[in-house]
Amino acid sequence: MPSGKVLIMNNSLSHTQLVEIINAFLDKYHSDLSYCHGADHVRRVAKLAVKIGKVEKVDLELVEIAALLHDIGVVPLAWGRHASGKDDNEFQEFLGTYALPSYDHAEVGALIAERFLNQYNYP
Ligand SMILES: [Fe+2]
């Protein structure tokens, strides 16, 4: 896993590689968010989602990725309140000209997660 930039373009990743990239993203952008949206919370949700997914017999890789990205919308919405990201243009560049559709982190997160996964040609 390369250090530094976590939003690099790289197609044809395995599930494990994509999870590593998302975990690096979580470390970089979620670490100083509140307990309810921090990296530990996101990882806990992902573990529980996979556990439930095993019972429900669903695509566990898809569930894990979705759960790991479920709070990604909090990151840009929290820039005004937290230090992380404010001095780092990488995520802002990634967002580009995307206008955030609202202050609803679920709605913003869906938009960002789609863009995040599209860059890796994730189905
Ligand atoms: Fe959450």
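Structural data are supplied above this passage.
The paragraphs below set out a description of the structure included in this document. Every value quoted in this text rests on a predicted model; they were computed, and no experiment measured them.

### Quick look at the overall build of the protein
Across its full length, the protein carries 6 helices and 0 strands. Reading the secondary structure of the protein in the N-to-C direction produces α-α-α-α-α-α. Counting every position in the protein, which comprises 123 residues, the buried fraction comes to 24%.

### Some remarks on the environment of Ala24
With respect to the secondary-structure elements, Ala24 resides in helix H1 (residues 15-30). Separated by 15 residues in sequence, Ala24 and Ala39 place their C-alpha atoms 9.9 Å apart.

### Here's the deal with unusual backbone geometry
A positive phi angle, close to 55 degrees, is found at Lys57, a residue other than glycine. One can find Lys57 in the loop between helix H2 (39-56) and helix H3 (60-68).

### Observations regarding the environment of Glu61
Residue position: Glu61 is located in helix H3. For Glu61, a count of 17 C-beta atoms within 10 Å corresponds to the partly exposed category.

### Overview of the packing of H2 against H3
Angle between the axes and distance between the axes: these two values describe a pair of packed helices. Orientation of H2 relative to H3, taken along the N-to-C sense of each, is 155 degrees, at an axis distance of 8 Å. Comparing the axis directions of H2 and H3 gives the class roughly antiparallel. When you trace H2 past H3, the crossing you get is right-handed. Note on element contacts: H3 touches H2 through Leu60, Val63, Glu64, Ala67 and Leu68, opposite Val42, Val45, Ala46, Ala49, Val50, Gly53 and Lys54. Residues belonging to the contact of H2 with H3 are distributed by class as follows: 9 nonpolar, 1 polar and 2 charged.

### Overview of the packing of H1 against H2
Orientation of H1 relative to H2, taken along the N-to-C sense of each, is 145 degrees, at an axis distance of 9 Å. Side by side, H1 and H2 meet where Leu26, Asp27 and His30 of the first sit next to Ala39, Val42 and Arg43 of the second. Along the lines of polarity and charge, the residues of the contact of H1 with H2 split into 3 nonpolar, 1 polar and 2 charged.

### A closer look at H3
For an α-helix the count is 3.6 residues per turn, leaving residues at separations of three or four pointing the same way. The set of residues buried in H3 consists of Ile65, Ala67 and Leu68. Looking straight down H3, one finds its buried side chains confined to an arc of 165 degrees; they lie on one side. Where the residues of H3 are buried, they touch H1 and H2.

The rules we used
- Residues numbered from 1 in each chain as written.
- Predicted model: local features only at pLDDT ≥ 70, side-chain atom pairs only at ≥ 80, totals over all residues.
- Helix = DSSP H or I, 4+ residues; strand = E, 2+ residues; numbered from the N terminus.
- Buried ≥ 20, exposed ≤ 12 C-beta atoms within 10 Å, placed from the backbone.
- Axes fitted to C-alpha atoms, helices over the stretch in contact; angles between N-to-C directions.
- Parallel < 35°, antiparallel > 145°, perpendicular 65-115°, else oblique.
- Left-handed = near helix turned anticlockwise from the far one by under 90°.
- Contact = placed C-beta atoms within 7 Å.
- Nonpolar A, V, L, I, M, F, W, Y, C, P; charged D, E, K, R; others polar.
- Arc of directions from axis to C-beta.

In short, shape yes, function no, at least from these values alone.
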